[in-house]
Amino acid sequence: MKIHSKLPDVGVTIFTVMSKLSNDQNAINLSQGFPDFDVHPDLLALVEKYMRSGYNQYAPMQGVPALRERISEKVLELYNAAYDPASEITVTSGATEALFASISAVVKKGDEVIVLEPAFDSYVPAIELNGGIPVFVKYKFPDYSIDWDDVKKALSTKTRLIILNSPNNPTGAVFSGEDIDALKNIVRNTNVLILSDEVYEHIIFDGLKHESMSLYPELAERSFVISSFGKTYHTTGWKIGYCLAPANLSVEFQKVHQFLTFASNTPIQYAYAEFMQNKDVYLNLSAFYQKKRDKFLTLIKRSRFKALPCHGTYFQMLDYSAISHEPDVEFSRRLTMEHGVASIPPSVFYHHQDDHKVLRFCFAKKDETLEKAAEKLCEI
Ligand code: PMP
Ligand code: GLN
């Protein structure tokens, strides 16, 4: 029997590859992005409470009302945007599902989608499975700024969607007010939609402010805004996210979501809804991770790695050109096997595997993990 793959060039995602290599080698895993510290005990207790009190059957397709209401209140408070919990908010099984559902909802065969590279690895396969054509624009190296003229040039009559991600994985770059102004100018008077991956909205450093699409009505009216509870509450394994979009876009989004997963985990949604009432947890997350970033940077100061600026997310890019000229995929493999520290080679986030001799390290780790990893990195 012959199988005609719909994704002939796609292999196993780098996160699975590097985490497996790390486990096999008993290395310190700073590759795949997930915290190695505990979930807040109150949140665990709430999940148990809702599981034990019978909240174990299907949630409503759009998400449990209490959670949609809390999300709506948060977004109103932080971004001054009024999303109607009844028609403009959908709870999903992680941001990954929300990304896939948004793309599937609006991208048809032959539509072009602008993707900024390096790009999170789920975007392009989702575009291609829907018959769309990715059109790539690169972040400038090494500051990972965007040349909006390049984005403008990439636009055509076929452009359906532009995918944005700030704070950005893997670069740690974040949008400024100037980026937003340029974006507004580009999309004004077009039918281009925006998919804004804002999963790191609460992890932004040095006093910078998160430039959510929802802050700007003229951008919000054409945007799917996506976030993830996994990043905010140290619960990446629970796979709950959400999508904000105006009602006309949310209707299309929900047409896909209802047949992709139908609904997401019920007791966890109730637990998040109650836990979200404690706003300090997400309001203090940036300070928490900024400390981690600074700790990691101090610990590796005497190493031969050179840190690139990191303004948000829990990823730090390190330049290794003073150590080796190997391609990043090979160097990260050797770093894991010979030196016991796993990282992610960012070339996998480019369609032409651009190799800048940098690696991505996740600092969402206990201080002792960062200390042990840094000790090894300083020996190289
Ligand atoms: N987008 C980006 C940029 C991410 O880093 C992640 C984290 N894996 C996701 C989307 C997916 O989030 P989730 O784990 O909620 O599916
Ligand atoms: N977002 C995480 C990262 O970038 C993990 C994503 C995944 O494993 N699919 O490392």
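Residues numbered from 1 in each chain as written. Chains lettered and ligands numbered in written order. Predicted model: local features only at pLDDT ≥ 70, side-chain atom pairs only at ≥ 80, totals over all residues. Heavy atoms only, no water.

Engineer: Can you explain the packing of aromatic side chains? Please cite residues and give values.
Structural biologist: Counting across every chain of the model gives 28 aromatic pairs. When the centroid spacing of 5.0 Å and the interplanar angle of 75 degrees are considered together, the rings of Phe-288 and Tyr-289 count as edge-to-face. The class of Phe-288 is partly exposed, set by a relative accessible area of 33%. Judged by relative accessible area, Tyr-289 falls into the buried class, the value being 0%. Considering the side-chain rings of Phe-305 and Phe-331, the 6.5 Å spacing of their centres and the 45 degrees angle between planes classify their relative orientation as tilted. Here Phe-305 is found in the loop between helix H13 (285-299) and strand E9 (306-307), whereas its partner Phe-331 is found in helix H14 (residues 328-339), with 26 residues between them in sequence. Each member of the pair, Phe-305 as well as Phe-331, is classed as buried. One Lys or Arg, Arg-360, reaches over the ring of Phe-315 and ends 3.5 Å from the middle of that ring. (Phe/Tyr/Trp six-rings, centres within 6.5 Å; stacked < 30°, edge-to-face > 60°. Buried < 20%, exposed > 50% of the residue type's maximum accessible area, 1.4 Å probe, protein only. Helix = DSSP H or I, 4+ residues; strand = E, 2+ residues; numbered from the N terminus. Lys NZ or Arg CZ within 6 Å of the ring centre and 35° of its normal.)

Engineer: How would you summarise the side chain of His-210 if you had to cite specific residues and measurements?
Structural biologist: Structurally, the position occupied by His-210 is in the loop between strand E6 (193-197) and helix H8 (217-220). Setting aside chain neighbours within four positions, we find His-210 in contact with Tyr-79, Ser-166, Pro-167, Glu-198, Glu-201, Ile-204 and Leu-215. (Contact = heavy atoms within 4.5 Å.)

Engineer: So what about the packing of helix H4 (residues 94-106) against helix H10 (residues 247-260)? Which residues, and what values?
Structural biologist: The angle between the axes and the distance between the axes are what describe a pair of packed helices. Interhelical geometry of H4 versus H10 gives an angle of 125 degrees and a closest axis separation of 8 Å. Considering the angle they form, H4 stands oblique to H10. The two elements H4 and H10 meet at a crossing, and its hand is right-handed. Contact with H4, carried on its side by Glu-97, Ala-98, Phe-100, Ala-101, Ser-102, Ser-104 and Ala-105, involves Glu-252, Phe-253, Val-256, His-257 and Leu-260 of H10 and no other residues of that element. (Axes fitted to C-alpha atoms, helices over the stretch in contact; angles between N-to-C directions. Parallel < 35°, antiparallel > 145°, perpendicular 65-115°, else oblique. Left-handed = near helix turned anticlockwise from the far one by under 90°.)

Engineer: Before we move on, can you summarise the site of ligand 1 with the specific residues and values?
Structural biologist: Taken together, 13 residues form the shell around ligand 1, and within it Thr-96, Asp-197, Tyr-200, Lys-231 and Lys-239 come nearest. Against a free-state accessible area of 390 Å², the protein chains account for coverage of 91% of ligand 1. One can see that ligand 1 is located within the second largest pocket. Considering every element that reaches the shell around ligand 1, the biggest residue donor is H4, with four residues. Its residues assigned to classes, the shell around ligand 1 shows five nonpolar, five polar and three charged. (Near = heavy atom within 4 Å. Areas by Shrake-Rupley, 256 points an atom, 1.4 Å probe, with all protein chains shown as cover. 1 Å grid on protein atoms, 1.4 Å probe; cavity = no way out; pocket = protein on both sides within 12 Å on 5 of 7 lines; lining within 4 Å. Sits in = over half its atoms within 2 Å of the grid points. Nonpolar A, V, L, I, M, F, W, Y, C, P; charged D, E, K, R; others polar.)

Engineer: Before we move on, could you go through empty space enclosed by the protein and cite the residues and values that matter?
Structural biologist: Applying the stated rule across the entire model yields four cavities of 30 Å³ or more. The volume enclosed by the largest cavity comes to roughly 60 Å³. In terms of lining residues, the largest cavity is bounded by Lys-74, Glu-201, His-202, Ser-227, Ser-228, Phe-229, Thr-232, Tyr-233, Tyr-242, Met-276 and Tyr-282. As a volume, the second largest cavity reaches approximately 50 Å³. (Points joined across faces, edges and corners; volume = space filled by probe spheres on them.)

Engineer: Which residues make up the sheet that holds strand E5 (residues 159-165), and what values go with them?
Structural biologist: Sheet strands pair by backbone hydrogen bonding; their relative direction is either parallel or antiparallel. Overall, mixed pairing links the seven strands, which are arranged E2-E8-E7-E6-E5-E3-E4 in an open sheet. Every other strand in the sheet has two partners, leaving strand E2 (89-92) and strand E4 (133-138) as the edge strands with one partner each. If you compare each strand with its neighbour and ignore which way they point, the axes differ by 20 degrees on average. Bridge count for strand E7 (residues 223-228) against strand E8 (residues 241-244) is four bridges, and the pairing is antiparallel. For Ile-226, the partnering residue across the bridge sits in E8 and is Cys-243. Those strands touched by H10 are E2, E6, E7 and E8, and its axis lies near 25 degrees from that of E2. (Pairing = 2+ DSSP bridges.)

Engineer: Outline unusual backbone geometry, listing residues and values.
Structural biologist: The amide bond that connects Ser-166 to the next residue, Pro-167, takes the cis arrangement and shows omega of -15 degrees. Geometrically, the link from Asn-169 to Pro-170 is a cis peptide bond, its omega value of 10 degrees lying close to zero. Here Pro-170 is to be found in the loop between E5 and helix H7 (177-187). Positioned with a positive phi, Asp-206 is a non-glycine residue whose angle comes to about 60 degrees. One can find Asp-206 in the loop between E6 and H8. Classification of Asp-206 as partly exposed rests on a relative accessible area of 43%.

Engineer: Residue-level account of the site of ligand 2, with values.
Structural biologist: Taken together, Phe-15, Gln-32, Gly-33, Phe-120, Asn-169, Tyr-200, Lys-231, Phe-315 and Arg-360 are the residues near ligand 2. At 2.6 Å from an oxygen atom of ligand 2 is found a main-chain nitrogen or oxygen belonging to Gly-33. Here Lys-231 contributes a side-chain N or O atom positioned 3.2 Å from a nitrogen atom of ligand 2. About the coverage of ligand 2: the protein hides 80% of its 300 Å² of free accessible area. Put simply, ligand 2 lies in the second largest pocket. Taken together, the residues that form the shell around ligand 2 break down as four nonpolar, three polar and two charged. (Polar contact = N/O pair within 3.5 Å; in protein donor to acceptor, adjacent residues only side chain to side chain.)

No statement about biological role is implied by the geometric values presented.
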